[in-house]
Amino acid sequence: EAQVTQNPRYLITVTGKKLTVTCSQNMNHEYMSWYRQDPGLGLRQIYYSMNVEVTDKGDVPEGYKVSRKEKRNFPLILESPSPNQTSLYFCASSPPTGFYNEQFFGPGTRLTVL
Amino acid sequence: EDKVVQSPLSLVVHEGDTVTLNCSYEVTNFRSLLWYKQEKKAPTFLFMLTSSGIEKKSGRLSSILDKKELFSILNITATQTGDSAVYLCARRDSNYQLIWGAGTKLIIKP
């Protein structure tokens, strides 16, 4: 089944404890992206990647890191999480064929930083 | 400012009503406009619009884009409780990025 998977789905952690949220897609998509979703703010892009070893900042990259060593994986790293990073996070991917394609979303990761 | 604005922010109607959700944007140079439905989980794709004036339709849902007036609408006729969700629109720019609106929360009462 074609899908985007994220792990963990739920995470409660404490301030300053490094964490990684994994994202993997099995559709051979070149484009991958991370979003956070907060009430009233919609989806805000954190980082995106057009291809392997190519990553760029989105609208709200502060406090996050990403890597794209393989096409299928795009992990999101919080080196020192803070309470303002409590949010719902989505990973998404798109086919490489230009601008006229939908994004496929993972199931989301609900992160709480105490 | 370069943003996507959705209205209303929330809407409560009764089953069987017709609703119109709005999405306006502020740039003319973009590639496509997308609509998604989100029900307590990941957004799911509804429509992609690239040409002005051409209606996309799927069952009771339809959408159209007006590139001159810089807006899109999503219509849902004969609403059902299963239509309750947050509806998101996003503009895909020429740099391939998606700029998202904050969403319209639609509640359908039985």
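In the block above lies the structure referred to throughout.
Residues numbered from 1 in each chain as written. Chains lettered and ligands numbered in written order. Predicted model: local features only at pLDDT ≥ 70, side-chain atom pairs only at ≥ 80, totals over all residues. Heavy atoms only, no water.

Participant: Let's hear about the overall build of chain B: which residues, and what values?
Facilitator: Within chain B one finds 0 helices and 11 strands. Reading the helices (α) and strands (β) of chain B from amino to carboxyl end gives β-β-β-β-β-β-β-β-β-β-β. In terms of C-alpha radius of gyration, chain B reaches 13 Å, essentially the compact-globule figure of 13 Å for 110 residues. The C-alpha extent of chain B, read off along each of the three principal axes, is 40 × 25 × 20 Å. Per-residue burial over chain B gives 45% buried out of 110 residues. In chain B, 54% of the contacts between residues at least 6 apart in sequence involve partners at least 24 apart. For chain B, the exposed area adds up to about 5200 Å²; of that, 50% sits on carbon and sulfur atoms. Charge separation in chain B, taken as the distance between the mean sites of 14 positive and 11 negative side-chain charges, equals 5 Å. (Helix = DSSP H or I, 4+ residues; strand = E, 2+ residues; numbered from the N terminus. Rg over C-alpha atoms; globule rule 2.2 N^0.38 Å. Buried < 20%, exposed > 50% of the residue type's maximum accessible area, 1.4 Å probe, protein only. Contact = heavy atoms within 4.5 Å. Areas by Shrake-Rupley, 256 points an atom, 1.4 Å probe, with all protein chains shown as cover. Lys, Arg positive; Asp, Glu negative; His and termini not counted. Charge placed at Lys NZ, Arg CZ, Asp CG, Glu CD.)

Participant: Outline the sheet that holds strand β7 (residues 65–66) of chain A, listing residues and values.
Facilitator: All names here are of chain A. Ordered by their spatial adjacency, 4 strands build an open sheet running β1-β3-β8-β7, and the pairing between neighbours is antiparallel. At either end of the open sheet lies a strand with only one pairing partner, and these are β1 (4–7) and β7. The pairing of strand β3 (residues 19–25) with strand β8 (residues 76–78) spans 3 bridges and is antiparallel. Paired with Val21 across the two strands is Leu76, which belongs to β8. (Pairing = 2+ DSSP bridges.)

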